[in-house]
Amino acid sequence: MKILALDSSGLVASVALVQDENLLAEYTVNYKKTHSQTLLPMLDEIAGMIELDLETVDAIAVAAGPGSFTGLRIGSATAKGLGLALKKPLIAVPTVEALAYNLYDVPGLVCPIMDARRNQVYTGMYRFENHRMMTVKDQRAIGVEQLAQELNALGEQVTFLGDGVAVYKDLLMQLLCVPVSFAPVHLNKQRAGAVAALGEIYFAEGKTESAREHQPEYLRVSQAERERAEREAGKHGAD
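Throughout what follows, the structure given in this document is the object of discussion. A quick note: this is a predicted structure, and the numbers were derived from the prediction, not measured. (Residues numbered from 1 in each chain as written. Predicted model: local features only at pLDDT ≥ 70, side-chain atom pairs only at ≥ 80, totals over all residues. Heavy atoms only, no water.)

**Remarks on the nonpolar core**
For soluble globular proteins, nonpolar side chains are generally found buried alongside one another.
No. 1: Grouped together as the largest cluster of nonpolar side chains are 32 residues, with contacts concentrated most on Ala61, Ile91, Val93, Met133, Val195 and Leu198.
No. 2: Those residues in contact with Leu198, other than ones at most four positions away along the chain, are Val93, Glu97, Ala98, Tyr101 and Met133.
No. 3: In terms of nonpolar packing, the next biggest core, distinct from the first, is built from 21 residues, Ala25, Met42, Val62 and Leu90 among them. (Core = buried A, V, L, I, M, F, W, Y, C linked by side-chain atoms within 4.5 Å. Buried < 20%, exposed > 50% of the residue type's maximum accessible area, 1.4 Å probe, protein only. Contact = heavy atoms within 4.5 Å.)

Laid out in structure tokens, this is it:
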């Protein structure tokens, strides 16, 4: 089984290929170029290095959100285009689930946090039991203080990772009264290798969709949509 994976849900752009539980290639860049400039060239580079015929891929896994609205659209469009061209199914992998999978079999709670602005994070809570990742709380957008309250109530050791750590680490350390640790630098960002590994599991479980069906999961409206709604509400209020 060959699973091609893409992740452009945050600042990181990442492409990987897993074949029969073996990570054959992974190309990850955390730099300020736009994902539209990087994803396809990275895919071409990987394909050339491992002599990959894209027609032999069984499915395309994509980090389906939440995350950067622009990044998710680029990843989604790329995956859909490949799926349509190659006539392959897509596997929508929740972004924070893939992030949590970076810390496979870590004890206690694993809590990915992605900066969602306005003192909020995209997050979920996971733990590993019998070498399987279990969902404690599904992914959502939540205020940092509310997240800390919930973790304190659970009273378990927690490990954080994700781009939200750099933004909210000090605040979390002030708010939390449970044992806390943070993932090391090589594991604390999105990796297409984790998306591919989960994609292989989900594919075996039949969790696929067509390229035409796939839509990113934003979890909340974009800033532009929010501002438009506020303008419309103000207009009606003036009437």
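**Some thoughts on the sheet that holds strand S5 (residues 90–93)**
What holds strands together in a sheet is hydrogen bonding between their backbones, with the strands either parallel or antiparallel.
No. 1: Ordered in space as S3-S2-S1-S4-S5, the 5 strands form an open sheet in which the pairing is mixed. Two strands bound the open sheet, and with one partner strand each, they are strand S3 (22–29) and S5. Put simply, the sheet's adjacent strands are angled 15 degrees from each other on average, direction ignored.
No. 2: In terms of strand pairing, strand S1 (residues 2–7) meets strand S2 (residues 13–19) through 6 bridges, oriented antiparallel. Counted as the bridge partner of Asp7 is Ser14 from S2.
No. 3: Packed onto the sheet, helix H1 (residues 35–49) meets S1, S2 and S3 and runs at close to 30 degrees relative to S2.
No. 4: Contacting S1, strand S4 (59–63) and S5, helix H2 (residues 69–86) runs over the sheet at an angle of about 175 degrees to S4. (Pairing = 2+ DSSP bridges. Helix = DSSP H or I, 4+ residues; strand = E, 2+ residues; numbered from the N terminus. Axes fitted to C-alpha atoms, helices over the stretch in contact; angles between N-to-C directions.)

**Comments concerning the packing of aromatic side chains**
Two measures describe an aromatic ring pair: the distance that separates the ring centres and the angle between the ring planes.
No. 1: One pass over the structure, following the stated rule, counts 5 aromatic pairs.
No. 2: The interplanar angle of 75 degrees and the centroid separation of 5.7 Å between the aromatic rings of Tyr101 and Tyr104 together place this pair among those described as edge-to-face.
No. 3: By relative accessible area, Tyr104 is classed as partly exposed at 37%.
No. 4: The exposure class assigned to Tyr101 is buried, which follows from its relative accessible area of 17%.
No. 5: Cluster of aromatic residues (ring-pair linked, three or more members): Tyr101, Tyr104 and Phe128. (Phe/Tyr/Trp six-rings, centres within 6.5 Å; stacked < 30°, edge-to-face > 60°.)

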